[in-house]
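Here are the chains, one letter per residue:
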Amino acid sequence: MTNSFPYSDDNKRYHTWNYHLRHKFGEKVFKVSLNGGFTCPNIDGTKGVGGCTYCSHYGSGDFAGNPLESLPEQFEQVKQKMHQKWPEASYIGYFQAYTNTYAPLEELKQKYESILQLPKVVGLSISTRPDVLPNDVVDYLAEINQRTYLIVELGLQTIHDETGKRINRHHTYQDFLEGYEKLHQKGIPVCAHIIDGLPGESHQDMLETAQALSQLDLHCIKIHLLHVLKHTVMAEQYQNGEFPLLRLEEYVQIICDQLEVLPPELIIQRLTGDGAKEDLIGPLWSLKKFVVLNEIDKELVRRDSWQGKYYQKP
Ligand code: SF4
């Protein structure tokens, strides 16, 4: 079968994370989710209280390790599970839970280095808020970036500040752009994290978020479906009928429209959501991740379309 799409070995119509890792490292590479024991300025009152309305009691790190164990212990446990399936693999340490640059520099160094020094760790992925990037931390990240594969994942969720207020984000799109610029100027690869299906957002609003991000020089993007989880403010709002959840058909249309406007080379780290099954209130169709990804592939074929088809260069 001839391959018609760039960034694909199997006619996938978008640039997948797996394709990227396989070509960059020439072997299987896993992300190992970690809980570094951080908190978040949007929870402790520094920026806001209560956190984002959708944030679970795991600080958006539902699959990260147990913070009562040391980082190398957490790492070892996750690694062991993956080894059963893939005995030969390398790893990217993923600081996932809460805000992973929210601590004094010395503490960050100690935590990041404790993972970087482990055998077969080929990189770090650090998830944080765009408004928690002090200069000394950015300088340190730039230094790490010289010696390993580094991605800094910035939570944006939406470019629309009205929605940001509604979900209690306590930062603006402008804050995101400033955080992005700080990292980008130092050559640090940035991943933007957005959420489709936020309360009050239309199809057009979500498309505008993708269009705005298409004009930046991002390394990768994660597009997450909104998950309503138990014990969150959003769960109450949903149960009070304040907003509807996306249907699978709507989600597929939005994702395909977003892929079409994104740059063809942008790595798509994620196109669905991952939440703890026992905590998920909805949408329940999202549990069938394979079906969701399949429907997206089918829709791209039906449209005869692909990532970047309508991308416009800045
Ligand atoms: S910024 Fe992240 S960790 Fe903090 S409240 Fe929001 S989702 Fe939770």
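Up top is the structure.
What counts and what doesn't
- Residues numbered from 1 in each chain as written.
- Predicted model: local features only at pLDDT ≥ 70, side-chain atom pairs only at ≥ 80, totals over all residues.
- Heavy atoms only, no water.
- Helix = DSSP H or I, 4+ residues; strand = E, 2+ residues; numbered from the N terminus.
- Expected span 1.5 Å × (residues − 1).
- Buried < 20%, exposed > 50% of the residue type's maximum accessible area, 1.4 Å probe, protein only.
- Arc of directions from axis to C-beta.
- Contact = heavy atoms within 4.5 Å.
- Polar contact = N/O pair within 3.5 Å; in protein donor to acceptor, adjacent residues only side chain to side chain.
- Salt bridge = Lys/Arg side-chain N within 4 Å of Asp/Glu carboxyl O.

Draft legend 1. Representation of helix α6 (residues 173-185) within the structure. If you check α6, its first and last C-alpha atoms are 18 Å apart, about what 13 residues at 1.5 Å a residue would give, namely 18 Å. Those residues of α6 lying buried are Y173, F176, G179, Y180 and L183. All buried residues of α6 project into a common sector of 120° when viewed along the axis, lining one side. Summarising the contacts, the buried residues of α6 are in contact with α4 (135-147), β4 (149-157), α5 (161-166), β5 (190-196) and α7 (203-214). One side-chain oxygen of the residue at the start of α6 lies 3.4 Å from the amide nitrogen of Q174, identifying that residue as T172.

Draft legend 2. Focus on the pattern of salt bridges. In total, this model carries 20 salt bridges according to the counting rule given. Residue E143 is joined to R147 by a salt bridge in which the shortest nitrogen-to-oxygen separation is 2.8 Å. On the criterion of helical spacing, the pair formed by E143 and R147 is a turn pair, its members being four residues apart in helix α4. A relative accessible area of 40% means that E143 is categorised as partly exposed.

Draft legend 3. Quick look at unusual backbone geometry. Cis geometry marks the peptide bond from G282 to P283; its omega dihedral reads -5°. With respect to the helices, strands and loops of the structure, P283 is situated in the loop between β9 (280-282) and α10 (289-303). Notably, Y7 is not glycine yet its phi reads approximately 55°, a positive angle. By the secondary structure assignment, Y7 is in the segment before α1 (17-25). The phi torsion at Y98 lies on the positive side, around 60°, for a residue other than glycine. Its location among the elements puts Y98 in the loop between β2 (90-95) and α3 (105-116).

So yeah, pure geometry; function would need other evidence.
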